Amino acid sequence: MANITVCLYTPMKDLMAGNGISSAITQQISMLKRSKINVTSDTADFDILHINTPDPFSLYAIYEAKLRKKPVVIHTHISAEDFRNSFIFSNSLSPVVKDYLKYFYGLADTLVCPSEYTKKLLVEQYNITKPIKVISNGIKIERFKDKILRAKRDIYRKKFNLNGKVVFCCAGVFERKGLSAFINVAKTLKNKNKVSFVWFGKILPLLTPATTLKTYINQKNVIFTDYVEDIQAAYASGDIFLFPTREENQGIALLEAIASKKPVIVRNIEVFDWLVDGVDCLKAKNDKEFIAKTKILLNNHRLGEKLAENAYKKLISEGHDLKNIEKKYREMYTNLLKNRSDLCV
């Protein structure tokens, strides 16, 4: 079916600049255009409505689409589980968020989950019965070619005074992302190993708990850059990607690190089960293990290269490149339009 017009309605995109959802939306737009699917933000003229954020504006757009019997796709970037330990009051609001998401996601004709873990979460914890497609957020792997990164290696190393080996993370500055673990690794290993620790990620002072700002950001062991424009330069500057996040629906930053052929250390949580400890990554359960695993990679360059190469091969084989994701979206949209008569109102 040709000439499909998809309304990627993203009223909150500008407010989310610099985080994973914003990156996913940007990738969706470029990906759909490359696959010759018409993309619009106009809610008046489209074939399919595709929603990425569960905000009130999107909720209204869904209601309108339902009245017009237009198919609705909702991307499940957010769960109550990954909302916790982020913004001010996020923990106390988490139960309310969960109830709202149950309702919001229940309005979809098809849900898109970025991982099998998120699908399992929605089915078992949210009792979602709507059709669910597991489609990786994906990344444009060619953006992280060796040649490109070599040319940008020194941009942020010079700007942020990064010396020696660089252990880094690219993520929003929230405790849920494992801030305390990252800082504890830095405190233990920084001076002993002549290594720099840097966290590339947007800081939102008005929404970040004061304890996070005081305890984590205002210390000297880790450099917090705030939002950076050139994500390729960020990955180019680093040597070991330390990602101690406690909860993810997928983790675009991890995919980008692997595409950059950086050895990765991740927390041993279910969403990262597609990676194998000691084969294509190192995994840790607590701060002590994160310190030990980071120390191993700092002292064993050959192991890091082996892990990075294996992870890169797996990234390719499991189809995380946007070229593969494009095909899955077109197939999903086409099937939705074919089965238009089955849509719920």
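Residues numbered from 1 in each chain as written. Predicted model: local features only at pLDDT ≥ 70, side-chain atom pairs only at ≥ 80, totals over all residues. Heavy atoms only, no water.

1. Thoughts on the overall build of the protein chain
Filter applied, for reference: Under the scheme used here, helices are H or I runs from DSSP no shorter than 4 residues and strands are E runs no shorter than 2 residues, and both carry numbers assigned from the N terminus. Relative accessibility under 20% of the residue-type maximum defines a buried residue, over 50% an exposed one, and the middle range a partly exposed one, all with a 1.4 Å probe and only protein chains included. Here, residues are in contact when the closest pair of their heavy atoms is within 4.5 Å. Per-residue accessibility takes into account occlusion by the displayed protein chains alone, with areas from the Shrake-Rupley method and a 1.4 Å probe.
Broken down by element type, the protein chain carries 14 helices and twelve strands. Per-residue burial for the protein chain yields a buried fraction of 56% across its 345 residues. Sequence-distant contacts, at least 24 apart, represent 72% of the contacts inside the protein chain between residues at least 6 apart. Within the structure as shown, the protein chain displays about 15,900 Å² of accessible surface, and the carbon and sulfur contribution to it stands at 53%.

2. Points about empty space enclosed by the protein
Where we set the bar: Put plainly, a pocket is an open set of points on a 1 Å grid over the protein atoms alone with protein on both sides within 12 Å along at least five of seven lines, a cavity is a set where a 1.4 Å probe fits but cannot get out, and a lining residue has an atom within 4 Å of a point. Grid points are joined across faces, edges and corners, and a volume is the space filled by probe spheres set on the points. For this classification, Asp, Glu, Lys and Arg are treated as charged, while Ala, Val, Leu, Ile, Met, Phe, Trp, Tyr, Cys and Pro are nonpolar and the rest, including Gly, are polar.
Counted by the stated rule, this structure contains one cavity of 30 Å³ or more. Within this model, the largest cavity holds a volume of roughly 40 Å³. Along its surface, the largest cavity is lined by A24, Q27, Q28, M31, S136, N137, L322, I325 and Y329. Secondary structure elements with two or more residues in the lining of the largest cavity: α1 (20–34) and α14 (322–338). With four residues, α1 is the largest single contributor of residues to the lining of the largest cavity. Counted by class, the lining of the largest cavity contains five nonpolar, four polar and no charged residues.

3. Things to note about the packing of helix α11 (residues 252–259) against helix α13 (residues 301–317)
Rules: Each axis is a line fitted through C-alpha atoms, taken for helices only over the stretch in contact, and angles between the N-to-C directions span 0 to 180 degrees. Note on convention: the crossing is left-handed when the near helix lies turned anticlockwise from the far helix by less than a right angle, right-handed when the turn is clockwise.
Contact geometry for α11 and α13: axes closest at 8 Å, N-to-C directions at 115 degrees. Here α11 runs over α13; the crossing is left-handed. Between α11 and α13, the residues in contact are L255, I258 and A259 and A311, Y312 and L315, respectively.

4. Points about helix α5 (residues 116–125)
Here is the rule: Arc definition: directions from the helix axis to the C-beta atoms.
All of the buried residues along α5 are Y117, T118, L121 and L122. Buried residues of α5, seen end-on, are gathered within an arc of 135 degrees and therefore sit on one face of the element. Just downstream of α5 lies N127, where phi reads positive at about 55 degrees.

5. Some words on α13
Applied cut-off: How far a helix is expected to stretch is found by multiplying one less than its residue total by 1.5 Å.
Taking 1.5 Å per residue as the helical rise, α13 with its 17 residues ought to reach 24 Å, and the 25 Å between its terminal C-alpha atoms agrees with that figure. Those residues of α13 that are buried lie in contact with α11, β12 (282–284) and α12 (287–299). G319 sits one or two residues past α13 and shows a positive phi near 75 degrees.

6. Quick notes on the packing of aromatic side chains
To be explicit about the condition: Only Phe, Tyr and Trp rings are paired, with Trp represented by its six-membered ring, and only when their centres lie within 6.5 Å; those with planes under 30 degrees apart are stacked, over 60 edge-to-face, the remainder tilted. A ring has a charge above it when a Lys NZ or an Arg CZ is no more than 6 Å from the ring centre and no more than 35 degrees off the ring normal.
Scanning the entire structure with this criterion turns up 15 aromatic pairs. Their ring planes at 85 degrees and their centres at 5.9 Å tell us that F182 and F197 sit as a pair that is edge-to-face. With F182 in helix α8 (residues 179–193) and F197 in strand β8 (residues 195–200), the pair connects residues that are 15 residues apart, well separated along the chain. Each member of the pair, F182 as well as F197, carries the same accessibility label: buried. Between the aromatic rings of F243 and F272, the centroid separation amounts to 6.1 Å while the plane-to-plane angle is 45 degrees, which identifies the pairing as tilted. Of this pair, F243 sits in strand β10 (residues 240–243) while F272 is found in the loop between β11 (264–267) and β12, placing the two residues 29 residues apart along the sequence. Just as F243 is buried, F272 falls in that class too. Taken together through their ring pairs, the aromatic side chains of F144, F168, Y235, F241, F243 and F272 make up a single cluster. The ring of F46 carries the charged tip of K70 above its face, separated from the ring centre by 6.0 Å. Positioned above the aromatic ring of Y126, the side-chain terminus of K98 is 5.2 Å from the ring centre.

7. Some remarks on a positive patch on the surface
How we decide: Patches here are clusters of residues that have more than 30% relative accessible area and form no salt bridge, with a 9 Å joining cutoff for like charges and a 5 Å cutoff for nonpolar side chains (Val, Leu, Ile, Met, Phe, Trp, Tyr). Any carboxyl oxygen of Asp or Glu within 4 Å of a side-chain nitrogen of Lys or Arg constitutes a salt bridge here. When charges are tallied, Lys and Arg are placed among the positive residues and Asp and Glu among the negative ones, while His and the ends of the chain are skipped. Each charge is placed at NZ for Lys, CZ for Arg, CG for Asp and CD for Glu.
A contiguous patch of positive charge, built from K145, K147, R150 and K323, is present on the exposed surface. With respect to the secondary-structure elements, R150 resides in helix α6 (residues 146–151).

8. Some words on the sheet that holds strand β4 (residues 72–75)
Put simply, the rule reads: Paired strands, in this sense, are two strands between which DSSP finds at least two bridges.
A sheet is described by the order of its strands in space; here six strands give the open sequence β2-β1-β3-β4-β5-β6, paired in parallel fashion. Looking along the sheet, the strands with just one partner apiece sit at the ends: β2 (38–40) and β6 (132–134). Neighbouring strand axes in the sheet, compared pairwise and without regard to direction, differ in orientation by 25 degrees on average. Two strands pair when backbone bridges link them, and β4 and strand β5 (residues 110–113) are joined in this way by three bridges, in the parallel orientation. If you follow V73 over to β5, its bridge partner there is T110. Where α14 meets the sheet, its contacts fall on β1 (5–9), β3 (48–51), β4, β5 and β6, and the angle it forms with β3 comes to roughly 130 degrees.

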